[in-house]
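Observations on the three-dimensional arrangement
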Amino acid sequence: MSGHEFQSHFENSGSIDMDDTSTNIDETTMDELRQLAARYPQKRSALLPMLHLVQSVDGRVSPAGIQACADVLEISTAQVSGVATFYTMYKRRPAGKHHVGVCTTALCAVMGGDILLDRVQAKLGIGENETTPDGKISLERLECNAACDFAPVMMVNWEFMDHMTPAKADELLDKLLNDEEVHSTRGARITSWREAERVLAGFPDGLADEGPTAGDSSLVGLRIAQQRGWKAPTAEQAPVEQAGSEQASSGEETK
Amino acid sequence: MTDTLTPVLTANWGDDKAWKLSNYERRGGYKALRKALEMQPADLVTWVKDANLRGRGGAGFPTGMKWSFLPKDNPNPVYLVVNADESEPGTCKDIPLMMASPHTLVEGVIISAFACNSHHAFIYCRGEVLHVIRRLQQAVREAYSAGYAGKNILGTGYDLEITVHAGAGAYICGEETALLDSLEGRRGQPRLRPPFPAVAGLYASPTVINNVESIASVPGIIANGKDWFAGMGTEKSKGHGIFSLSGHVKTPGQFEAPLGITLRELIDLGGGMREGHELKFFTPGGSSTPILTAEHLDVPLDFEGMAEAGSMLGTRALQIFDETTSVVRTTLRWVEFYKHESCGKCTPCREGTWWLVQTLRNFEAGKASPGDIEKLLDVSDNIGGKSFCALADGAVAAVTSAVKFFRDEFEAGCTTPAWELFPYEKSALFADSELGAHA
């Protein structure tokens, strides 16, 4: 290995790798899959969360995971595969410890996302949907992640990295590659892609209280309104009881 | 006279730990729920109808009217589903709302479910926003612990289960019937209507689906009154809405204002265009709404104003591009998005967006042939309005509005690459010094 082979480049990269039958799914996982199924009026509704859980355990959508979902939901493996291959968050090959995304939908692309993606690919020596040979980082070209006022945007394990620049991207990747602590610009400290997948499956990790209430861009309008004394009308102007009219002005001064 | 900005949903976003139940309650949170639980569900539906709340997810359909379509004689359970799959390019209002103040949504969910006689509500949130899902999960747990959700809510005998559900990466699941299929554990592909979800939605049961901001607006309407809400906005577009300003402005961000504010006012609040540049074009409400130009700066951003200007209010996602930007490039990127996100169910969309991308790539590379503009328009004509849902219509809107206002740039695409006409690095937001290492 020169160290620059693309580890997850397969000729048949469009389909789930059914040759690798390794799995970490055990009885605990099966119990959790059954728990998820029980949360819904009809158990098949749990399939998306269950596939997130499979990824958190196996690092991808594994053949054993497909079988486990099919068994719990009493549907065919083809039905599970059909769903698993429809959604972009389900990975058919092992993702990295950290999954990095660069948004290149129109607005982010124009604001610098294209340049960032080139830069990240060059630095990591991998292309889209590939994983570094050491398994540390996988890379994805993202479609709009609903953070356009923070453009250009990158994501790590589905946490926001706002207002990115090439220098910030370099620093971010260096820290991830060196296992240093990284924080989202408006989220929690970065854990790992697998741990993130477990939360998405519906098993909280207790980090909800980390990070700020909102990022800077989210607050631009509110700050201007506060400076200029602009408020929504009070309830007094309506012919019903006053409730919540004090809402807009309390709180802020008290912290 | 109403103030230029009217923070209601965004009012607590600057608070320390606004996402916690205690902080939400300190600002009067869950008072609206107590008030609602003392009313009759049917009266709540009328209340929201009278307030003239129109859906905040893009289409602008009156929320109360949607609720009133639920059949009274259907024996199946009623479901309330919140569409939190915010993915329309440019749209970025629901995500910060759920991150900062998830209880605003949760309180809205409980009131709305009560109004619709529903005992199980789902919040379907796109999966690619981990921290938002963490805060939603926690807020729902807190609501259960406080007796606002679960069995016998606040001693009234009303029961409600709330399930936070993470999607898995598919823009199409923001389309309400695709969302329902996805929530049933299937590929997210739109359904043929009728029947509409109000009659046969989730599990073929009566279902109400509303956008996050619509549902989050309900507590304020209940607490402050329907006339309070209808007192903001314009004649047919009532109330407050979050306007998301992004792109080539000095200070992009979220601005909550009465419907009908203009882009000139918003850009002014955003500090103006970035230094030394001027507005070239913008989307009023996400990439699916036809682009407009500087001549539309003073058109009211409400449902009627945008329709008259030939576009749509959509999600009030104002993506601003200055004169350094290639229209051909942005159009290609938007159409690539629709091609990527097409679910593949309908042929005009699946094949048509592919053909649009091929043709637009030639324009970007300066290799288009004479007649390719007509080809673009002809293909668009064969796509628009010919599929189950409006996804491909979004691609068509991007193409036809771009050709309408900037035909000369497409003509130039027959001879000169877009990156020569509009060097791409000049559009980037970071300083020139940062670009040195870019090969």
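These figures come from a predicted structure and were not determined experimentally. (Residues numbered from 1 in each chain as written. Chains lettered and ligands numbered in written order. Predicted model: local features only at pLDDT ≥ 70, side-chain atom pairs only at ≥ 80, totals over all residues. Heavy atoms only, no water.)

Attention shifts here to the overall build of chain A. The number of helices and strands found in chain A is eight helices and five strands. Going from N to C terminus, chain A has its helices and strands arranged as α-α-α-α-β-α-β-β-β-β-α-α-α. Taking all 255 residues of chain A together, the buried fraction comes to 59%. Sequence-distant contacts in chain A: of pairs separated by 6 or more residues, those separated by 24 or more amount to 67%. (Helix = DSSP H or I, 4+ residues; strand = E, 2+ residues; numbered from the N terminus. Buried < 20%, exposed > 50% of the residue type's maximum accessible area, 1.4 Å probe, protein only. Contact = heavy atoms within 4.5 Å.)

Let us now look at the overall build of chain B. Within chain B, the secondary structure is distributed over 17 helices and nine strands. For a compact globule of 439 residues, the expected C-alpha radius of gyration is about 22 Å, and chain B comes in at 22 Å, within 12% of that figure. For chain B, the spread of C-alpha atoms along the three principal axes comes to 75 × 45 × 45 Å. Out of the 439 residues in chain B, the part that is buried amounts to 67%. Considering only residue pairs separated by 6 or more positions, chain B has 71% of its internal contacts joining residues 24 or more positions apart. For chain B, the computed accessible surface area is about 14500 Å², with 52% contributed by carbon and sulfur atoms. Here chain B carries 42 positive and 52 negative side-chain charges, and the mean point of each set is 5 Å from the other. (Rg over C-alpha atoms; globule rule 2.2 N^0.38 Å. Areas by Shrake-Rupley, 256 points an atom, 1.4 Å probe, with all protein chains shown as cover. Lys, Arg positive; Asp, Glu negative; His and termini not counted. Charge placed at Lys NZ, Arg CZ, Asp CG, Glu CD.)

To continue, consider empty space enclosed by the protein. All names here are of chain B. What the rule picks out here adds up to six cavities of 30 Å³ or more. The computed volume of the second largest cavity comes to approximately 60 Å³. Around the second largest cavity, the lining residues are Ile172, Pro190, Ser342, Cys343, Lys345, Cys346, Cys349, Ser387, Cys389, Leu391 and Ala392. (1 Å grid on protein atoms, 1.4 Å probe; cavity = no way out; pocket = protein on both sides within 12 Å on 5 of 7 lines; lining within 4 Å. Points joined across faces, edges and corners; volume = space filled by probe spheres on them.)

Now for the sheet that holds strand β5 (residues 159-161) of chain A. Residue and element names in this part refer to chain A. Taken in spatial order, the five strands make up an open sheet running β2-β3-β1-β4-β5, and their pairing is mixed. Of all the strands in the sheet, the pair left with one neighbour each is β2 (130-131) and β5. For strand β1 (residues 98-103) and strand β4 (residues 154-156), the ladder comprises three bridges, and the chain directions are antiparallel. For glycine 101, the partnering residue across the bridge sits in β4 and is methionine 155. Against the sheet, helix α5 (residues 106-124) contacts β1, β3 (137-142) and β4, and its axis sits at roughly 145 degrees relative to β1. (Pairing = 2+ DSSP bridges. Axes fitted to C-alpha atoms, helices over the stretch in contact; angles between N-to-C directions.)

All names here are of chain B. The strand order across the open sheet formed by five strands is β6-β5-β9-β7-β8, and the pairing between neighbours is mixed. Two strands lie at the open edges of the sheet, namely β6 (253-258) and β8 (292-293), each paired on one side alone. The sheet contact formed by strand β5 (residues 240-247) and strand β9 (residues 317-322) spans four bridges and is parallel. The residue of β9 that forms the bridge with glycine 247 is isoleucine 320.

Another aspect to go through is the domain arrangement of chain B. Residues and elements named next belong to chain B. Structurally, chain B comprises domain 1 (21-230), domain 2 (240-322) and domain 3 (327-425). Taken over C-alpha atoms, the centre of domain 2 sits 22 Å from the centre of domain 3. Tallying the contact residues gives 13 residues for domain 2 and 13 residues for domain 3. Counting each side, the surface lost to burial between domain 2 and domain 3 is near 1100 Å², with a carbon and sulfur contribution of 69%. Three residues stand out in domain 2 for area buried against domain 3, namely Lys280, Ser287 and Ile291, and they jointly supply 49% of the buried area on that side. With its nearest N and O atoms 2.5 Å apart, the salt bridge here joins lysine 280 to glutamate 409. (Domains from an automatic or database assignment. Buried area = accessible area lost by both parts, 1.4 Å probe. Salt bridge = Lys/Arg side-chain N within 4 Å of Asp/Glu carboxyl O.)

Here we take up the pattern of salt bridges. Applying the stated criterion across every chain yields a total of 43 salt bridges over all chains. The partner of Glu159(A) in a salt bridge is Arg134(B), with the nearest N and O atoms 2.7 Å apart. Of this pair, Glu159(A) sits in strand β5 while Arg134(B) sits in helix α7 (residues 130-145), each in a different chain. Of the two residues, Glu159(A) and Arg134(B), both sit in the buried class. Of the charged contacts, one joins Arg134(B) and Asp205(A) as a salt bridge, the two residues approaching to 2.9 Å between their closest N and O atoms.

So, on to the packing of helix α15 (residues 372-383) of chain B against helix α16 (residues 391-412) of chain B. Residue and element names in this part refer to chain B. Relative to each other, α15 and α16 sit at 160 degrees, their axes nearing to 10 Å. Between α15 and α16, the crossing angle belongs to the class labelled roughly antiparallel. For the pair α15 and α16, the sense of crossing is left-handed. Between α15, through Ile373, Glu374, Leu376, Leu377, Ser380 and Ile383, and α16, the contact on the second element is made entirely by Ala392, Asp393, Val396, Val399, Thr400, Val403, Arg407, Phe410 and Glu411. Here the residues of the contact of α15 with α16 are counted per class, giving nine nonpolar, two polar and four charged. (Parallel < 35°, antiparallel > 145°, perpendicular 65-115°, else oblique. Left-handed = near helix turned anticlockwise from the far one by under 90°. Nonpolar A, V, L, I, M, F, W, Y, C, P; charged D, E, K, R; others polar.)

Okay, the interface of chain A and chain B next. Counting residues at the interface gives 98 residues for chain A and 106 residues for chain B. In this assembly, chain A packs against chain B so that about 7900 Å² is buried in total across both faces, 60% of it on carbon and sulfur atoms. It is Phe86(A), Val110(A) and Thr213(A) that lose the most area in chain A upon contact with chain B, and together they represent 9% of the buried surface on that side. At the boundary of chain A and chain B, one finds five salt bridges. Linking chain A with chain B are 39 residue pairs in polar contact (both at pLDDT 80 or more). Broken down by secondary-structure element, the contributors of at least two residues to the side of chain A that touches chain B are α2 (47-58), α4 (77-84), α5, β5, α6 (166-177), α7 (193-201) and α8 (220-228) of chain A. Tallying contributions element by element places α5(A) first for the side of chain A that touches chain B, with 11 residues. Taken together, the residues of the side of chain A that touches chain B break down into 52 nonpolar, 27 polar and 19 charged. (Polar contact = N/O pair within 3.5 Å; in protein donor to acceptor, adjacent residues only side chain to side chain.)

Here we come to the environment of Ala84(A). Residue and element names in this part refer to chain A. Within the element layout of this structure, alanine 84 appears in helix α4. In this structure, the C-alpha to C-alpha distance between alanine 84 and valine 61, residues 23 residues apart in sequence, is 7.4 Å. The contacts of alanine 84, once residues within four sequence positions are left out, are Ile16, Leu51, Val61 and Tyr90.

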